[in-house]
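What the coordinates show
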Amino acid sequence: MIGFLKGKYRAFKRKWKFFWSVNWIKTYYFNYKKFPYSIARKLPVFFYGKVRLSSIKGNVIIDAPIKKAMIGFGQSFEFPTTSKGTSELRIEGTIVFKGNVQIGKDVCILIKEKGYFEMGHFSCLGSSCLVVCKNRIVLKSFVRVGFQVQFIDNTLHQLIDLSTNNELPFSAPILLNDYNWIGNRTTIMKNTQTPKNCIVASNSLLNKDYNNFGENILIGGMPAKLLKENISRDWDGEQERLENNLIVK
């Protein structure tokens, strides 16, 4: 009997802690502002902690079966568990979610008017990531991104080739393929493309197409180069843990 009561108490404590971790004002505001009632009432997007919604005038699309809390912004799924309260979301273009998505603490996302940002099923952005999208950034399914990673699909300021006086290309798409694992503090610039089952070492710089290296590879460096072939993260072995961390039941 005592064991039963302790179990009930622990379950109640977890639910109570979760309830107070959700920013209910931003959660209700965002869902009812961006979706029709039939979708908004299911609350597919949850916000956790402090977040600044500097602009949400763009398009927010969920291209997957709608479920409660399937998209979490500010989720605490890694260490440290505390937040600096610096999260900011500015959507002037289009953001698309293809399934369950995790966005960690203190993440800043800027999608300009013509920008397109897509996150695939079971993709995530770790804490303190930065996304600056003026062209197109696509993360396919199971793209797991570590903390303090930057995605920038443009040069921020226009560059000029002084020998010809011509403007250099300002922006270009970024595409990370299925089952990519991006190490912390990596910078991913315009023109980056990765193959399926690609691991990127921490503190790397990506700025080109890496598909010629094939699948199941480890790349890294400044700029990144091929470090190892025939290597993969144990996705099957981690499936249950990923589901437990990602899916709010």
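What this report covers is the structure whose coordinates are included nearby. (Residues numbered from 1 in each chain as written. Predicted model: local features only at pLDDT ≥ 70, side-chain atom pairs only at ≥ 80, totals over all residues. Heavy atoms only, no water.)

1. Comments concerning the layout of surface pockets
The space that makes up the second largest pocket amounts to roughly 300 Å³. Elements supplying a minimum of two residues to the lining of the second largest pocket: strand 13 (143-145), strand 18 (180-182) and helix 4 (235-246). For the lining of the second largest pocket, the element with the most residues is helix 4, which contributes three residues. Classifying every residue of the lining of the second largest pocket gives seven nonpolar, six polar and four charged. (1 Å grid on protein atoms, 1.4 Å probe; cavity = no way out; pocket = protein on both sides within 12 Å on 5 of 7 lines; lining within 4 Å. Points joined across faces, edges and corners; volume = space filled by probe spheres on them. Helix = DSSP H or I, 4+ residues; strand = E, 2+ residues; numbered from the N terminus. Nonpolar A, V, L, I, M, F, W, Y, C, P; charged D, E, K, R; others polar.)

2. Quick notes on helix 2 (residues 24-34)
Among all positions in helix 2, only T27, F30, N31 and K34 are buried. When helix 2 is viewed along its axis, its buried side chains cluster within an angular range of 95 degrees and face the same direction. Of the exposed residues in helix 2, the ones pointing more than 90 degrees away from its buried face are I25 and K33. Looking at the buried positions of helix 2, the neighbouring elements they touch are helix 3 (37-40), strand 1 (45-47), strand 2 (51-55), strand 3 (59-62) and strand 5 (87-91). (Buried < 20%, exposed > 50% of the residue type's maximum accessible area, 1.4 Å probe, protein only. Arc of directions from axis to C-beta. Contact = heavy atoms within 4.5 Å.)

3. Focus: the sheet that holds strand 3
Within the open sheet, the five strands sit side by side as 3-6-9-12-17. Their pairing is parallel. A strand with exactly one partner marks an edge of an open sheet, and here the two such strands are strand 3 and strand 17 (174-176). Within the sheet, the average angular offset between the axes of one strand and its neighbour, ignoring direction, is 5 degrees. Pairing geometry for strand 3 and strand 6 (residues 94-97), over four bridges, is parallel. Each bridged residue has a counterpart across the sheet, and for I62 the counterpart in strand 6 is F97. (Pairing = 2+ DSSP bridges. Axes fitted to C-alpha atoms, helices over the stretch in contact; angles between N-to-C directions.)

4. Some words on the side chain of N184
Relative to the helices and strands, N184 resides in the loop between strand 18 and strand 19 (187-189). Within the structure, N184 has its side chain in polar contact with the side chain of S202 (distance 2.7 Å). Not counting chain neighbours up to four residues away, the residues in contact with N184 comprise G146, F147, V149, S202 and N203. (Polar contact = N/O pair within 3.5 Å; in protein donor to acceptor, adjacent residues only side chain to side chain.)

5. Section: unusual backbone geometry
With an omega of 0 degrees, the peptide bond between M222 and P223 qualifies as cis. The backbone of N191 shows a phi angle near 80 degrees, a positive value even though the residue is not glycine. Among the secondary structure elements, N191 is positioned in the loop between strand 19 and strand 20 (198-200).

6. Let's talk about empty space enclosed by the protein
Counted under the stated rule, the structure contains one cavity of 30 Å³ or more. A volume near 60 Å³ is recorded for the largest cavity. Along the walls of the largest cavity sit F30, V45, F47, I71, F73, L89, I91, I95, F97 and I103, which together make up its complete lining. Listed by contribution, the elements that provide at least two residues to the lining of the largest cavity are strand 1, strand 4 (71-73), strand 5 and strand 6.

7. Topic: a nonpolar patch on the surface
A surface patch of nonpolar side chains, amounting to about 360 Å² of accessible area, comprises Y28, Y32 and Y37. Here Y28 is to be found in helix 2. Here Y28 falls in the partly exposed class, since its relative accessible area comes to 42%. (Patch = residues over 30% accessible without salt bridge, like charges linked within 9 Å, V, L, I, M, F, W, Y side chains within 5 Å. Areas by Shrake-Rupley, 256 points an atom, 1.4 Å probe, with all protein chains shown as cover. Salt bridge = Lys/Arg side-chain N within 4 Å of Asp/Glu carboxyl O.)

8. With respect to the nonpolar core
Core analysis: the largest hydrophobic core is formed by 45 residues, its most contacted members being F30, F97, I109, F117, L125, L139 and F151. Beyond its immediate stretch of four places on either side in the chain, F117 contacts T94, I95, V96, I109, I111, L125, V131, C133, I137 and L139. (Core = buried A, V, L, I, M, F, W, Y, C linked by side-chain atoms within 4.5 Å.)

9. Some remarks on the pairing of strand 12 (residues 136-139)
With four bridges joining them, strand 9 (residues 116-119) and strand 12 adopt parallel strand pairing. When the bridges of strand 12 are listed, M119 appears paired with L139. Where strand 12 and strand 17 come together, three bridges link them in parallel fashion. Looking at the pairing, I137 lines up with I174 of strand 17.

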